[in-house]
Each structure stands twice: as structure tokens, then as C-alpha cells.
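# Analysis of the macromolecular model
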Amino acid sequence: MKKKLLFLSTLVLALGLAFTSCNNTNEPDDPDNPDTPDTTKVVADGTKEKPFTVSDIIQLKPESTTEATKTNVWAKGFIVGVYNSDVKPSVVENKEPFANDYNIMLAEKEDETDMSKMICVQLPAGDVRAALGLKTNPNVIKRPVLVYGDVMKYNNFSGIKNTSAYWFTDTNTGIEPPTTGTGAAIDLTSDTTTPVTSINEDFSTVENNKDIDLAGWKALKVLGDRNWQGKIYTPKDGGEEEKYAQASAHNGKAADYEYWLITPPINVDGLTSKTLEFKTAKAYWTATSSLKVFVLKNENGKTTQTEITDKAYIVKDTDKDHTFMPSGSVSLSDYSGTIYIGYQYIAKGGASNSTTFRVDDVVVK
């Protein structure tokens, strides 16, 4: 009798295992035939097609308000309010009247009220603020939007700063990021200026607060309504006045600025030492600005650019304001024929969003 019961129990168990193995779709495949990876899941990478979510931005844990964890990325979410720090305790306002146009809060749910599940997005002066600021546009509350900028800490939240583009996903309308930093508008192929075999420019003939206008030099705007200008500084103690080229976007009405100061064409083969030297100074440092140096050259019907910023000392945030720092000797021995040296300035408009950069004593020999 025991043998019969044991046989029946074993049979039932075997049938149960067989049924389970045929019907349980969660069982792993045979080790020799592993599961095919799921390639349908979209992995966010910060592009417009695969934007970061609010959770992604929070998980990046940005700690600095001046140095970006990631730059030039898209993030998506619902506009759920504006952060108001003028009241105590600070609050996120999710209905009219809204306190300001300077920021918006994004969340993954349109009715989110938990501030720990939100990010704060800076709205610099310009087109982005004009479209997204809740005080001016209360009707955009709860709308789904993409914003483009840098991942940084903002108002004690993980957030997006230097926001320069937005896109409403419910209507497919907005503005695209500016083509800043590409030099796409720099075309020197039609320049007929006779190349020089040396440069020794101290900007002693510039006019104060006037766009640079020196023989052979070019001051070219790509974005914004500003350009390189001459500057004359007279010390209060009666010391000798200083003259130099200056770039700034302080209180600029445009959202973004890019402009170039370019030397006359240089015949590298005629130089004696094939070196470049200059001085730079700064004031009112912000991380939204940069000064970079390039070698520009006309090749195959277009103007190419090679960045040489890392080969020179460019003034940094830790340097003293209004103090010129020497670049050191930058070798041009890798080049031949005709080249130009270009100083590219990039900044954000509005109040206190831009560093003032100065260039002086440019020597090529």
C-alpha cells in the first residue's frame, strides 16, 4: 500500500513539474540559449529624442551652483509651479497669483506636490523666460515641456540652469538651442587683407566703449547684440591709463551671446619664432561665460578652426579681478601658410550672468 501511495505521489509531482515548466513564462531559458536582451527600453541620454526625466536629474545629485554636472542636455516634465523663496518657509506655488518668472518647477506628474520629487529650472532673461515664466504665463501650469540647459544645483534643488531652449510636447512648439560655439558664422574665405609677418597690438588706439575697429582686425558677432569693444581704464589714484579689448554681456537683452575678435591674417612661414603671446583679465566671474582661443585657417573653400585654449594660460575664476595674466609662449610651429588667431567669447544675457573678459598685448612673431 505504501509503495502504491509513493508511486502516485511521485507521478503527481512529475506531472505538476511538467505542467509548470510548460506554462511558467517567467522561467529562465536553458543556459545554452540565454534570453534575448530587451532592446525596446529607451535609455535617457539627455538628447531631445531621449531626454532625462525628473528622476534622472535628481539621481545625478548636482552639488554645485556654478559647475555643471552635465551640460547641454534636455530634460522633461510637467510644469507644476514656481519656487518662491521670499516667504518663510519657502514654498512651491501651484496656482495663481505666481510670485515670479525667474524659475519653474518640473515633476513627473502634473499634480505632484512633493518637493522632493521636483527639480528647479532657471529661466534666464530672454525668450525662455518670456514663454515659461508663470507670473506672465499662468496658463502653462501643468503643461508637459522639455527644457535645455546644464544640470546644476539651483535654489537648493537638483535642477537645470542656463536654460536656453524649451519645447512643449503637447503642441510641438518652442525654440531650439542656439548654435553657440560652433563658429559656423565665421567665414574668412573672402578676406583679401595682406598677411602680416608679426603682430604687436596693445590696443592703444581704441575708443572707449566703441566696437573694435583696428586695421586688419575683425570683430564678428554670431549671437546677440554686443561685440568686442575698446576700453580705457583710468585708475582713481591718477596712475597711467590702460587700454584693452573687452567682452561682456552684462544686462544684455539677448538670451545668448557669441562674438569673436580675430587678428589680421598671419603668414606663419614669415614669422621669426612662430609664437603667440597675449594677456587676459576678468571680472564678475560666472560659469555661464567662456573665453577660448582658436587658430583659424581657410582650407578647401571654408574656414576651419583649431582650439588652442589649453596651450595658453587664460585667466581663471581664482585669479584676482582686473589683473592681467600672461598667456605664456604658445607655439605656432605646427602651422604653415596663412592663419588667423581668434578669441571667442560666449555668455548669457541678462543681469550678472556673464563674466567680463579682457585681452591685451597680443604679440605674434
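Note that the structure is predicted; figures quoted are calculated from it, not measured.

The secondary structure content of the protein amounts to three helices and 20 strands. Within the protein, buried positions represent 41% of all 365 residues. For the protein, the share of sequence-separated contacts (at least 6 apart) that also reach a separation of at least 24 residues comes to 71%. With an accessible surface of roughly 20000 Å², the protein has 49% of that area assigned to carbon and sulfur atoms.

Right, let's talk about the packing of aromatic side chains for a bit. Per the counting criterion, the structure on display carries 12 aromatic pairs. Ring geometry for W74 versus Y148: centroids 5.2 Å apart, planes at 55 degrees, classification tilted. Of the two residues, W74 is situated in strand β1 (residues 70-84) and Y148 in strand β5 (residues 144-154); the sequence distance between them amounts to 74 residues. On the accessibility criterion, W74 (4% relative accessible area) is buried. Through a chain of ring-to-ring contacts, the aromatic side chains of W228, Y259, W285, Y345 and F357 assemble into a single cluster. For the cation-ring pair, K48 lies above W167, with the distance from its terminal atom to the ring centre recorded as 3.6 Å. Residue placement shows R143 over the ring face of F168; its charged tip is 3.8 Å from the ring centre.

In this section: the pattern of salt bridges. Applying the stated criterion to the full structure yields seven salt bridges. As a salt-bridge pair, D170 and R143 come within 2.9 Å of each other at their nearest N and O atoms. With D170 in the loop between β6 (157-168) and β7 (173-175) and R143 in the loop between α3 (127-132) and β5, the pair connects residues that are 27 residues apart, well separated along the chain. Take D170: its relative accessible area is 44%, and that puts it in the partly exposed class. Judged by relative accessible area, which is 19%, R143 ranks as buried. Its salt-bridge partner being K243, residue E241 comes within 4.0 Å of it at the nearest N-O pair. Given a relative accessible area of 40%, E241 falls into the partly exposed group. On the basis of relative accessible area, K243 is assigned to the partly exposed category, the value being 22%.

Quick look at the layout of surface pockets now. The volume enclosed by the largest pocket comes to roughly 860 Å³. Along its surface, the largest pocket is lined by 32 residues, and A287, T288, S289, S290 and I346 are the ones closest to its centre. Mapped onto the lining of the largest pocket, the elements with two or more residues apiece are β1, β5, β6, β12 (252-262), β15 (290-299) and β19 (338-350). Tallying contributions element by element places β5 first for the lining of the largest pocket, with four residues.

Turning to the nonpolar core, a few remarks are in order. As a rule of thumb, soluble globular proteins bury nonpolar side chains together. In this structure, F203, W228, L276, L332, I341, Y343 and V362 are the most contacted members of the largest nonpolar core, which totals 38 residues. Only β11 (242-247), β12, β14 (275-283), β15, β19 and β20 (356-364) provide two or more residues apiece to this core. At five residues, β19 tops the list of elements feeding residues into this core. Residues contacting F203, with those up to four places away along its chain left out, are I212, L214, W217, K243, Y244, A245, L261, V359, D360, D361 and V362.

Let us now look at the confidence of the model for the protein. Taken over all residues, the pLDDT of the protein has a mean of 87, while the share at 70 or more is 86%. Ignoring residues within four places in sequence, the model shows residues 1-40, a span with pLDDT below 50, making two contacts including any to other chains.

Turning to the pairing of β5, a few remarks are in order. With nine of 11 residues buried, β5 is to be regarded as a mostly interior element. Two elements, β1 and β5, share seven bridges in a ladder whose sense is antiparallel. When the bridges of β5 are listed, W74 appears paired with Y148. In this structure, β5 lies alongside β6, joined through nine bridges in antiparallel fashion. In the sheet register, K153 faces β6, and the bridge partner there is S158. Count of turn residues in the β5/β6 antiparallel hairpin: two residues, of which N155 carries a positive phi of about 55 degrees.

Attention now moves to the pairing of β15. A large share of β15 lies buried, amounting to seven of its 10 residues. Looking at chain direction, β15 and β19 are connected through seven bridges and run antiparallel. The partner of L296 across the bridge, within β19, is Y340. Bridging between β15 and strand β16 (residues 302-307) involves six bridges; their strand directions are antiparallel. When the bridges of β16 are listed, L296 appears paired with Q305. Connecting β15 to the next strand, β16, in antiparallel fashion are two residues, including N300 with a positive phi near 50 degrees.

Calculation rules
Residues numbered from 1 in each chain as written. Predicted model: local features only at pLDDT ≥ 70, side-chain atom pairs only at ≥ 80, totals over all residues. Heavy atoms only, no water. Helix = DSSP H or I, 4+ residues; strand = E, 2+ residues; numbered from the N terminus. Buried < 20%, exposed > 50% of the residue type's maximum accessible area, 1.4 Å probe, protein only. Contact = heavy atoms within 4.5 Å. Areas by Shrake-Rupley, 256 points an atom, 1.4 Å probe, with all protein chains shown as cover. Phe/Tyr/Trp six-rings, centres within 6.5 Å; stacked < 30°, edge-to-face > 60°. Lys NZ or Arg CZ within 6 Å of the ring centre and 35° of its normal. Salt bridge = Lys/Arg side-chain N within 4 Å of Asp/Glu carboxyl O. 1 Å grid on protein atoms, 1.4 Å probe; cavity = no way out; pocket = protein on both sides within 12 Å on 5 of 7 lines; lining within 4 Å. Points joined across faces, edges and corners; volume = space filled by probe spheres on them. Core = buried A, V, L, I, M, F, W, Y, C linked by side-chain atoms within 4.5 Å. pLDDT = per-residue confidence, 0-100. Pairing = 2+ DSSP bridges.

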